[in-house]
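Each chain, written out:
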Amino acid sequence: MSFKKDVFLGIDMGTSSVKAGLVSEAGRGLYPTSSAEYPTFYGKNGEVEQDPWDWWNAVVQAVQNLVKNVPDLTERIAAIAVSCQAPTLFGIDQDGNPVGRGLIWMDRRSDHVCRTILKKHEDFIQRYSCNRIDPYYMLSKLEWQHENDIKTYSMINCYLQINGWIVNRMTGGVRSIDITNANLTQLMNVHTLQWETEIFERLGLDISKMPEIVSTHKIVGKLTKLVAEILGLKEGIPVAAGCVD
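Remember, predicted model here, so these are calculated numbers, not experimental data.

Reading guide: rules and limits
- Residues numbered from 1 in each chain as written.
- Predicted model: local features only at pLDDT ≥ 70, side-chain atom pairs only at ≥ 80, totals over all residues.
- Heavy atoms only, no water.
- Core = buried A, V, L, I, M, F, W, Y, C linked by side-chain atoms within 4.5 Å.
- Buried < 20%, exposed > 50% of the residue type's maximum accessible area, 1.4 Å probe, protein only.
- Helix = DSSP H or I, 4+ residues; strand = E, 2+ residues; numbered from the N terminus.
- Contact = heavy atoms within 4.5 Å.
- Arc of directions from axis to C-beta.
- Pairing = 2+ DSSP bridges.

1. Concerning the nonpolar core
The biggest cluster of nonpolar side chains holds 45 residues, and the ones touching the most others in it are Leu9, Ile11, Met13, Ile80, Met170 and Leu233. Listed by contribution, the elements that provide at least two residues to this core are strand S1 (7-13), strand S2 (17-24), helix H1 (52-69), strand S6 (77-84), helix H7 (162-171) and helix H10 (225-231). Filtering out sequence-adjacent residues up to four positions away, Met13 remains in contact with Val18, Tyr38, Trp55, Val59, Val82, Ser83, Cys84, Gln85, Ile162, Ile166 and Asp245. Core analysis: the next-biggest nonpolar cluster, separate from the first, contains 28 residues, Tyr159, Met188, Ile199 and Leu205 among them.

Following this line, the structure appears as structure tokens:
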């Protein structure tokens, strides 16, 4: 008599596509991954954006295809985790709706912010983040938004990373950020593993817009009935915080 062991669903949000695959308890891939692409929008001043609904729709497509191909394995999913490209400047409003597109890691529009505003705080930023100032990080993008797009900044109630957005959708509203993604925001103190309050104070940024920092393996919620029906999975599957890809 065979004993059916648990399997785990891994979802990776890459720069151009999402991949969904199943892994055994021993960490072995059980079936070729299912994937779906999403578009990237480029501007003439270094803008590189993606639509959060494109991320979500691609996840739905990839997981649905996986369920269709291996229903016997997807029936045994014990937990879900999501990894993602990072960092991204993206936020949701008070009701959980996306506020505009996400500015992904490739976006360079905040170069001027780095050379002027953040340059004044360069030594302090390097001490608590252990990284140099660069448009790659969320900090510079957030300061750019605060200075140049205050309407969007004011509408945002909580900033999430891409995997945090997918987790938010799956769990019915959980707002969190895993520690690996928090590290790449350049807003976290790597020594205390908490948001660095002083940089928010220096720049006049609202720290209450930031979600709770959690460990990558922490179960932050469970798959809702509605999303489970959409994906073709069982309701109540535990969802972990995830990590950077």
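2. Focus on helix H4 (residues 122-129)
Where H4 is concerned, the buried positions are Phe124, Ile125, Tyr128 and Ser129. Looking straight down H4, one finds its buried side chains confined to an arc of 110°; they lie on one side. The outward face of H4, more than 90 degrees from its buried face, is lined by the exposed residues Asp123 and Arg127. Check the buried side of H4 and you find it contacts helix H5 (138-148), strand S11 (188-189) and helix H9 (197-203).

3. Details of the sheet that holds strand S8 (residues 102-103)
Strand order in the open sheet formed by 3 strands is S4-S5-S8, and the pairing between neighbours is antiparallel. Edge strands, defined here as strands with exactly one partner in the open sheet, are strand S4 (41-42) and S8. Pairing geometry for S4 and strand S5 (residues 48-50), over 2 bridges, is antiparallel. Directly across from Phe41, in S5, lies its bridge partner Glu49.

These figures capture arrangement, not role.
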